[in-house]
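Now for the letters of each chain:
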Amino acid sequence: MNPAHVKLCAQLLKGSDVDVCTVVGFPLGATPAAVKAYETQQAIRDGATEIDMVINVGALKSQDYKALFEDIGSVVRTAHAGNALVKVIIEAALLNDEEKVI
């Protein structure tokens with residue numbers, strides 16, 4: 001769901017078995033890692049229990065693996081500190097087979 005709606009959804013779903021999930025870095029994944037971490041923190045504060053993040057496809061395409069791992073790591077560390085799950089969106093349609101494996 002759109003991050004702007006997390007707080008409302010969390011309020012409406014309070015007491016149910018339904019988890020609140022939102023995206024960070026959507027749709028292109030080009031948001032800086034620190035901003036994605038902040039988005040994650042805010043989403044958890046608003047009631048999200050799962051974060052779906054879009055990787056920095058540009059970092060992968062340019063083989064900047066250090067930036068890519070920091071990108072993913074910043075969201076995972078922040079989410080786990082808030083007891084939230086993370087799903088990493090790799091935008092498979094934009095990647096060749098080698099990049100998917102990496």
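Look a little higher up for the structure.
Structure report, in brief.

Turning next to the environment of His5. Structurally, His5 can be placed in the segment before α1 (6-13). On the accessibility criterion, His5 (43% relative accessible area) is partly exposed. Once the C-alpha coordinates of His5 and Ala67 are considered, the two residues, 62 residues apart in sequence, prove to be 29 Å apart.

Let us now look at helix α2 (residues 33-46). Side chains that are three or four residues apart share a direction in an α-helix, a result of its 3.6 residues per turn. The end-to-end C-alpha distance of α2, which contains 14 residues, comes to 20 Å, matching closely the 20 Å that a straight helix rising 1.5 Å per residue would cover. Among the residues of α2, those classed as buried are Ala33, Lys36, Ala37, Thr40, Ala43, Ile44 and Asp46. Of the surrounding elements, those touching the buried residues of α2 are α1, β1 (21-24), β2 (50-54) and α4 (65-81). Residue Gly47 follows α2 closely and has a positive phi angle near 120°.

Moving on, we get to the pattern of salt bridges. Enumeration according to the criterion identifies 6 salt bridges in this entry. With a closest N to O distance of 3.9 Å, Lys100 and Asp97 form a salt bridge. Here the residue Lys100 and the residue Asp97 both occupy positions in helix α5 (residues 97-101), the gap between them amounting to 3 residues, near one helical turn. The exposure class assigned to Asp97 is exposed, which follows from its relative accessible area of 60%. Several salt bridges converge on common partners, so that one network encompasses Glu50, Asp52 and Lys87.

Okay, the nonpolar core next. Val6, Ala10, Val20, Val24, Ala43, Ile44, Ala48, Ile51, Met53, Val75, Ala79 and Ala84 form the largest nonpolar core, which has 12 residues in total. Among the elements of the structure, α1, α2, β2 and α4 are those that each provide at least two residues to this core. Look past the residues within four positions of Ala48 in its chain and what remains in contact with it is Val6, Val20, Thr22, Ala43 and Ala84. Membership of the second largest hydrophobic core comes to 6 residues, among which are Ile55, Val57, Leu60 and Leu95.

Pairing of β1 with β2, which is carried by 4 bridges, proceeds in the parallel orientation. Across the sheet, the residue bridging to Thr22 is Ile51, located in β2. What joins β1 to β2 is α2, and the crossover it makes is right-handed.

Of note, Asp71 is situated in helix α4. Among residues more than four places away in sequence, those in contact with Asp71 are Thr31, Ala33, Lys36, Met53, Val54, Ile55 and Asn56.

What counts as what
- Residues numbered from 1 in each chain as written.
- Predicted model: local features only at pLDDT ≥ 70, side-chain atom pairs only at ≥ 80, totals over all residues.
- Heavy atoms only, no water.
- Helix = DSSP H or I, 4+ residues; strand = E, 2+ residues; numbered from the N terminus.
- Buried < 20%, exposed > 50% of the residue type's maximum accessible area, 1.4 Å probe, protein only.
- Expected span 1.5 Å × (residues − 1).
- Contact = heavy atoms within 4.5 Å.
- Salt bridge = Lys/Arg side-chain N within 4 Å of Asp/Glu carboxyl O.
- Core = buried A, V, L, I, M, F, W, Y, C linked by side-chain atoms within 4.5 Å.
- Pairing = 2+ DSSP bridges.
- Right-handed = clockwise from strand over helix to strand, strands pointing away.

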